[in-house]
Amino acid sequence: MKLQRNNRLRAIAAGALVVSGVLVLSACGSDDNSGSSGGGSSKATSNIKCDGSGNLLASGSSAQKNAMDLWIKNYGGACDDVKINYKATGSGAGIQEFLQGKTAFAGSDSKLKPEEVTASEKVCKGGKGINLPMVGGPIAVGFNVSGVDKLVLDAETLGKIFNSEITNWNDEAIQKLNPDAKLPDLKIQAFHRSDESGTTDNFTKYLKAAAPKAWPHEPGKAWEGKGGQSADGSSGVSSQVKQVNGAISYFELSYATSQSLKTVDLNTGASAPVPATVDNASKAIAEAKIVGQGKDLGLDLNYATKADGAYPITLVTYEIACDKGNKADTLAATKSFLEYAASEGGQTSLKELGYAPIPAEIIAKVRQSVSSIS
């Protein structure tokens, strides 16, 4: 009877996931409108190895929220004894909660800083926090300009827009990049993140690398540009773009697709402007170099790439966990869940949500690191 009950519960959970996947794809306007979802497929949920029990708390990056929601549904459908609660508080807040010992792991769109690694030694008894790249993807620049369906911008123009030096949509610099567009005499409403964000960090690293004169500020999780308006989280800034005529902001592609927002094609100096797509982001992420040591797999991205078809405003979201010294009551579940996220099934489920799976060579090393945490 117990076996039959468990089978019925798993069947119900799997059915709910398929329905959820269909709704996500319908809302996103994805290129693949077949009605299937990686999240509901047997490939995405096969070989999940359940371990541990109880509640697993994590927080951080809002960039990976949609991916984390899908992983939690898939994992929870197979593993009844573990309840995972991930709060999209932003990368900065997530790291702070991890360093305070409040969570089992954190999500961050930026590598741990040296001082954060040092601070983690108080929480990771006998070890330290490590960066595990788990989610990749493009940071889309979404816009809402009446009468404009296609828009090309470059790093210099973007830097000046977000630093309040270009303030109107019919500015000569924008018109030069879009000679066939009918740009309105409309004020630009540039939105940035109000919270400390790894998405902001990656976006400003791109501006600094590709247009240092137009973006004189140092990259960072906290916004340093002049003027503009702010909103909380990726959901907040993308919602403002949806609602406000003249708005422009930066957020993960999954937020653009889920709200049917138009996104900028980037003039990078390549043979043609590059749209924000998963495949184009993967081309850029493949150029990343592993700079972490040992189990740490922190990456350096090439934000100034001019390779054809490579979309340079990318981010890699890390799960931050202890390599040693994890709490005994959460170690098994943490390891089990992260093993699933790094698995082939966990990674292949990401693409339909607008994320880029981590390149094969890197994710193989992630699996090795996860398997050895203690």
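The paragraphs below set out a description of the structure included in this document. Since the structure is predicted, the reported quantities are computational estimates derived from the model, not experimental observations.

### Focus: the overall build of the protein
Stage number 1. Looking only at helices and strands, the protein features 14 helices and 13 strands.
Stage number 2. Per-residue burial for the protein yields a buried fraction of 54% across its 374 residues.
Stage number 3. Residue pairs in contact within the protein that sit at least 24 positions apart in sequence constitute 75% of those at least 6 positions apart.
Stage number 4. Carbon and sulfur atoms provide 50% of the accessible area of the protein, an area that totals close to 15800 Å².

### A closer look at the pattern of salt bridges
Stage number 1. Across all of its chains, the model carries 9 salt bridges by this definition.
Stage number 2. Linking D201 and K205 is a salt bridge whose minimum nitrogen-to-oxygen distance equals 3.4 Å. One end of the pair, D201, and the other, K205, are both in helix α8 (residues 198–210), 4 residues apart, so they sit about a helical turn from each other.
Stage number 3. Taking relative accessible area as the criterion, D201 reaches 7% and is therefore assigned buried.
Stage number 4. Between K208 and E218 there is a salt bridge, with the nearest N and O atoms lying 3.9 Å from each other. On the criterion of sequence distance, the pair formed by K208 in helix α8 and E218 in the loop between α8 and β7 (229–231) is long-range, its members being 10 residues apart.

### Here's the deal with the state of the cysteines
Working definition of a disulfide: a covalent bond connecting the sulfur atoms of two cysteines.
Stage number 1. Following the criterion strictly, the structure yields 2 disulfides and no others.
Stage number 2. The residue that forms a disulfide with C50 is C79, at a sulfur-sulfur distance of 2.0 Å. Residues C50 and C79 share a disulfide whose torsion about the S-S bond is about -85°; that sign makes it left-handed. You can see C50 sitting in the loop between α2 (42–45) and β1 (54–60) and its partner C79 sitting in the loop between α3 (65–78) and β2 (82–87), a full 29 residues away along the chain.
Stage number 3. In this structure C50 comes out as partly exposed when scored by relative accessible area, which is 42%.
Stage number 4. What pairs with C124 in a disulfide is C322, and their sulfur atoms sit 2.0 Å apart.

### Digging into the packing of aromatic side chains
Stage number 1. Taken as a whole and judged by the stated rule, the model has 9 aromatic pairs.
Stage number 2. Summarising the aromatic geometry, the rings of Y75 and Y340 are spaced 6.5 Å apart at their centres and angled 35° between planes, so their arrangement reads as tilted. You can see Y75 sitting in helix α3 and its partner Y340 sitting in helix α12 (residues 328–342), a full 265 residues away along the chain.
Stage number 3. Judged by its relative accessible area of 0%, Y75 falls in the buried class.
Stage number 4. A residue is classified by how much of its surface remains accessible, and Y340, at 3% relative accessible area, is buried.
Stage number 5. Consider the rings of F162 and Y250, whose centres lie 6.0 Å apart with planes at 70°: the pair is edge-to-face. On the criterion of sequence distance, the pair formed by F162 in helix α6 (residues 155–162) and Y250 in strand β8 (residues 247–252) is long-range, its members being 88 residues apart. Each member of the pair, F162 as well as Y250, carries the same accessibility label: buried.
Stage number 6. Connected via pairs of aromatic rings, a cluster forms that spans F162, F203, W215, W223 and Y250.

### Quick notes on α6
Stage number 1. Among the 8 residues that make up α6, 6 are buried, leaving the element largely enclosed by the rest of the structure.
Stage number 2. The complete set of buried residues in α6 reads A155, T157, L158, G159, I161 and F162.
Stage number 3. S164 lies just past α6 and shows a positive phi near 60°.

### Details of α8
Stage number 1. Between its terminal C-alpha atoms α8 stretches 18 Å, which fits the 18 Å expected from 13 residues at 1.5 Å a residue.
Stage number 2. Every buried residue of α8 is listed here: G198, T199, T200, D201, N202, F203, T204, Y206 and L207.
Stage number 3. The backbone nitrogen of T199 has a side-chain oxygen 2.9 Å away, supplied by the residue at the start of α8, namely S197.

The rules behind the values
Residues numbered from 1 in each chain as written. Predicted model: local features only at pLDDT ≥ 70, side-chain atom pairs only at ≥ 80, totals over all residues. Heavy atoms only, no water. Helix = DSSP H or I, 4+ residues; strand = E, 2+ residues; numbered from the N terminus. Buried < 20%, exposed > 50% of the residue type's maximum accessible area, 1.4 Å probe, protein only. Contact = heavy atoms within 4.5 Å. Areas by Shrake-Rupley, 256 points an atom, 1.4 Å probe, with all protein chains shown as cover. Salt bridge = Lys/Arg side-chain N within 4 Å of Asp/Glu carboxyl O. Disulfide = S-S within 2.5 Å. Phe/Tyr/Trp six-rings, centres within 6.5 Å; stacked < 30°, edge-to-face > 60°. Expected span 1.5 Å × (residues − 1). Polar contact = N/O pair within 3.5 Å; in protein donor to acceptor, adjacent residues only side chain to side chain.

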